[in-house]
Amino acid sequence: MDPVDLRKLVEFFLTDDLSSEARAQAVLKLAALLEKDRFLTVKSLEIVLTDCLNEETRESCRLAFAVMTTLFHIDVEAASEIFMKYSSAYSELAIELLQDDKVLEQLLEMLSASCADKTCRTLIEAKYTDLILKILEDNAKPDLVKALAASILIKLLVTPKKLSSAVGSTGSTSGIAAESSSYRENGPDVNELASMLRKMVVSEDKNSISFSAIEGLTYASLNISVKKMLASDLKCLKVLLSLLTKGYQKIDGDTIRTAIIPPSVTYGILTILSNICAYPPPQSEEDTQIKKLSSYATGGNGEKEFQEKSDAIAKRCKILIDLDIIKALSSCSKSCTTNSKLTIGSLLRSLATEPKHRAHILQQGAILLIMSIMDLEVNVPSSSPSQSSRSEKLLNYSAASALGKILISINPSLAFSSKISPLVTVRPLVSILDAENQTITMIDVFEALLALTNLASKDDADLSKLIVTQGWSKIEDRMLSGNTFIRRATIELLCNLVSTPDAAAKFLDPEDKASRTRLKILVAVTDAEDQKTRSAASGALAVLSEWAPAPDILIQNEDVIKGMIRIFKYEDDQDVVFRAAVCCNNIMCAVTDSSKVIKECARRAVELGAIQAMQNVLSNKADKNTCEAINLALKALQTFIK
């Protein structure tokens, strides 16, 4: 685009109304130009910027800064290159222009946006910290300007300092590195800056609420001390939630109207809330040391700054739950961007971490909210997963993890109603089982399996069928997991599922070679070290043996017979023995085929020691129900081989 036409286009960036349709269209047009011919568009932008800076008027300087601010939001790499090239020109502007609060505001907007790039942050720290500190100390400056200055300083403070020997084309920074970083020791710290921004947010004058103050708190809330400060200020939290629910008061000439906050501000508020509630991920020893060093580097106190007990985080989550946070999240979720939905998912995951909180957020509408941010219909089963973007996958994992946490603690009959079908929860939970994402832990997988087990316990054939249809391959892969808890949860899920024909067929289909392998694995798991896993596996075999074709199939499976004999001989847990006795009784008493093959299988069972093993159970004074099942099975076997 010709530089003259391009200047007319970018002049729309100067509007103070972030929701302006003309501004939005101009941003989209510039993004399209960059995508079509990045090199030519960047060159044209440089011409526009040069003209603006050479004019040195109030409006031309504001326009130059506004263009750069917008460009950083569209293409950080291109913006960074231009910023470094023109950095000297920015810093050499006439002092009288920077005394104008509107020009200063636009300059700070640009500096704040440029903090997205590491090289630009280094330059800002080297050349602009003195200006930023003076603004913060000047009581005559408006809140918006001070909020922008504080936001920039917070971004610099929370980012570990890594000065390079040279910065782009601006030359060496080695001579000013020590001087420019002195503000870290002598200037305000993150807590002081956050406190100042917090006061702006809770100002009685609602029109003075600065979106820049919220942006600064977004970064500051990464610090534990700031999280504690914000969580203890109920007024501040209520204002943030109110902005999500009701919007803000906007002045249009002589009138005041309620307006929806811009998407970037919504994302900022959600990030603040998410940071307040965030639980730290499991840390290795190496991770712990790196975190400690990072804390020192950002002016923290080492160990105390990055380690926080779960109880303290749970208390902060409870504060937000008591403020009806789910209602606020539901209000804004309908028009959220993908990134905001991702953040809501992470926030829900944190809120559901403490078991005592799950019933509360369920009552507030957490499941409906999860379905909303995952774009799932609440009354129909979700279809097979389609190809989705990386962001959508991340969203599924974080929100699905929250769903899993809720459903392991709640009776399925109470969790769902005529408005929400339990069928829609299957796909999100199944998606976790093979998630290849660093945000998903083994705990998430374990909880998803438990949630599916809880759902499968519900007397709903369609629900169990859907679990098998959508999740069988992922469930089957976990049967021999090296993690005891994952393997146990998988077998417990199977124990519930095999009461349905679709799951039972996976083990009893004579035409499917894989079914014999599955039976072999299930029998092998009855010898696991974990008692609950053995109990679930023997229970699954007992349930399978109740299906009509099962006895004829199971008696021909030597692995099954050997497994029963081993349990009768060596198993100490009476629950496992009883389930094996039920399985054996069902097999021996219900065999329908009297062919030579079946008789040979029965004789083989005797040769393997089946009779002695069952008599061993009787001699060990097993409980009444076990002895009854064993006696019936023993009698049937003896009759069968005559």
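Residues numbered from 1 in each chain as written. Predicted model: local features only at pLDDT ≥ 70, side-chain atom pairs only at ≥ 80, totals over all residues. Heavy atoms only, no water.

Secondary structure summary: the protein chain contains 39 helices and two strands in total. In the protein chain, which comprises 642 residues, the proportion classed as buried is 52%. By sequence separation, contacts in the protein chain at least 24 residues apart represent 74% of the contacts at least 6 residues apart. A total accessible area of about 29,700 Å² is found for the protein chain, and carbon and sulfur atoms account for 50% of it. (Helix = DSSP H or I, 4+ residues; strand = E, 2+ residues; numbered from the N terminus. Buried < 20%, exposed > 50% of the residue type's maximum accessible area, 1.4 Å probe, protein only. Contact = heavy atoms within 4.5 Å. Areas by Shrake-Rupley, 256 points an atom, 1.4 Å probe, with all protein chains shown as cover.)

Glancing now at helix α4 (residues 58-74). Taking 1.5 Å per residue, 17 residues should reach 24 Å; α4 reaches 25 Å between its end C-alpha atoms and fits that length. Burial analysis of α4 places 13 of its 17 residues in the buried class, the great majority of the element. (Expected span 1.5 Å × (residues − 1).)

Our next topic: the confidence of the model for the protein chain. For the protein chain, per-residue confidence averages 83 on the pLDDT scale, and 83% of positions sit at 70 or higher. Low pLDDT, under 50, characterises residues 162-181; the predicted model gives this stretch 25 contacts beyond four residues in sequence or across chains. Note on residues 382-394: pLDDT under 50 across the span, and 14 contacts to partners over four residues away in sequence or across chains. (pLDDT = per-residue confidence, 0-100.)

Now for the environment of A328. In this structure, A328 sits in helix α21 (residues 325-333). Through-space distance from the C-alpha of A328 to that of K246 is 8.9 Å; in sequence the pair is 82 residues apart. Excluding residues that lie within four positions of it along the chain, A328 makes contacts with L241, L244 and T245.

The phi angle at D324 is positive, at roughly 60°, despite the residue not being glycine. Tracing the chain through its elements places D324 in the loop between α20 (310-322) and α21.

This next bit is on empty space enclosed by the protein. All chains considered together, the criterion is met by two cavities of 30 Å³ or more. Taken together, I561, M564, I565, F568, C584, I587, M588, A610 and M614 form the lining of the second largest cavity. Per-element tally for the lining of the second largest cavity: the top contributor is helix α35 (residues 558-570), with four residues. Split into classes, the residues belonging to the lining of the second largest cavity amount to nine nonpolar, no polar and no charged. (1 Å grid on protein atoms, 1.4 Å probe; cavity = no way out; pocket = protein on both sides within 12 Å on 5 of 7 lines; lining within 4 Å. Points joined across faces, edges and corners; volume = space filled by probe spheres on them. Nonpolar A, V, L, I, M, F, W, Y, C, P; charged D, E, K, R; others polar.)

It is worth spelling out the nonpolar core at this point. With 207 residues, the main nonpolar core has F83, Y90, L244, L348, F507 and F568 as its most contacted residues. In terms of residue count, the dominant contributor to this core is helix α10 (residues 143-157) (10 residues). Once residues lying within four places of it in the same chain are set aside, the contact partners of Y90 are L49, L53, F65, M68, F83, M110 and Y128. (Core = buried A, V, L, I, M, F, W, Y, C linked by side-chain atoms within 4.5 Å.)

With that settled, consider the side chain of S515. Along the chain, S515 falls in helix α32 (residues 513-525). Polar side-chain contacts of S515 include one of 2.8 Å to the backbone oxygen of D509. With residues near it in sequence (within four places) discarded, S515 still touches K506, F507, L508 and D509. (Polar contact = N/O pair within 3.5 Å; in protein donor to acceptor, adjacent residues only side chain to side chain.)

Packing of helix α16 (residues 234-246) against helix α17 (residues 263-277) leaves a shortest axis separation of 10 Å and a crossing angle of 140°. Overall, the two elements α16 and α17 adopt an arrangement that is oblique. Between α16 and α17 lies a crossing of left-handed hand. Along the contact surface, α16 presents L237, L240, L241, L243 and L244, while α17 presents T266, I269, L270, I272, L273 and I276. (Axes fitted to C-alpha atoms, helices over the stretch in contact; angles between N-to-C directions. Parallel < 35°, antiparallel > 145°, perpendicular 65-115°, else oblique. Left-handed = near helix turned anticlockwise from the far one by under 90°.)

This part covers the environment of D527. Within the secondary structure, D527 is located in the loop between α32 and α33 (531-544). Sequence spacing of D527 and A537 is 10 residues, and the spatial spacing of their C-alpha atoms is 9.0 Å. If near-sequence neighbours (up to four positions away) are discounted, D527 is found in contact with R534 and R566. Looking at D527, its side chain comes within polar contact range of the side chain of R566, at 3.4 Å.

Looking now at the packing of helix α3 (residues 38-55) against α4. In contact at an axis separation of 7 Å, α3 and α4 are set at 150° when each is read in the N-to-C sense. Between α3 and α4, the angle falls in the class roughly antiparallel. Taken as a pair, α3 and α4 cross one another with a handedness that is left-handed. Contacts between α3 and α4 involve L45, L49, C52, L53 and E55 on the former and, on the latter, S60, C61, L63, A64, V67, M68 and L71. Residue composition of the contact of α3 with α4, by class: 10 nonpolar, one polar and one charged.

Another point: α16. End to end, α16 covers 17 Å across 13 residues, agreeing with the expected 18 Å (1.5 Å per residue, within 8%). Sitting at the head of α16, D233 places a side-chain oxygen 3.2 Å from the backbone nitrogen of K235. Note on α16: the residue one or two positions beyond its end, G247, has a positive phi of about 85°.

Moving on to the packing of aromatic side chains. Summed over all chains, the structure comprises three aromatic pairs. Ring centres 5.9 Å apart and planes at 85° place the aromatic pair W472 and F507 in the edge-to-face group. Within this pair, whereas W472 is found in helix α29 (residues 461-477), its partner F507 is found in helix α31 (residues 501-508), the two being separated by 35 residues in sequence. With a relative accessible area of 1%, F507 lands in the buried category. (Phe/Tyr/Trp six-rings, centres within 6.5 Å; stacked < 30°, edge-to-face > 60°.)

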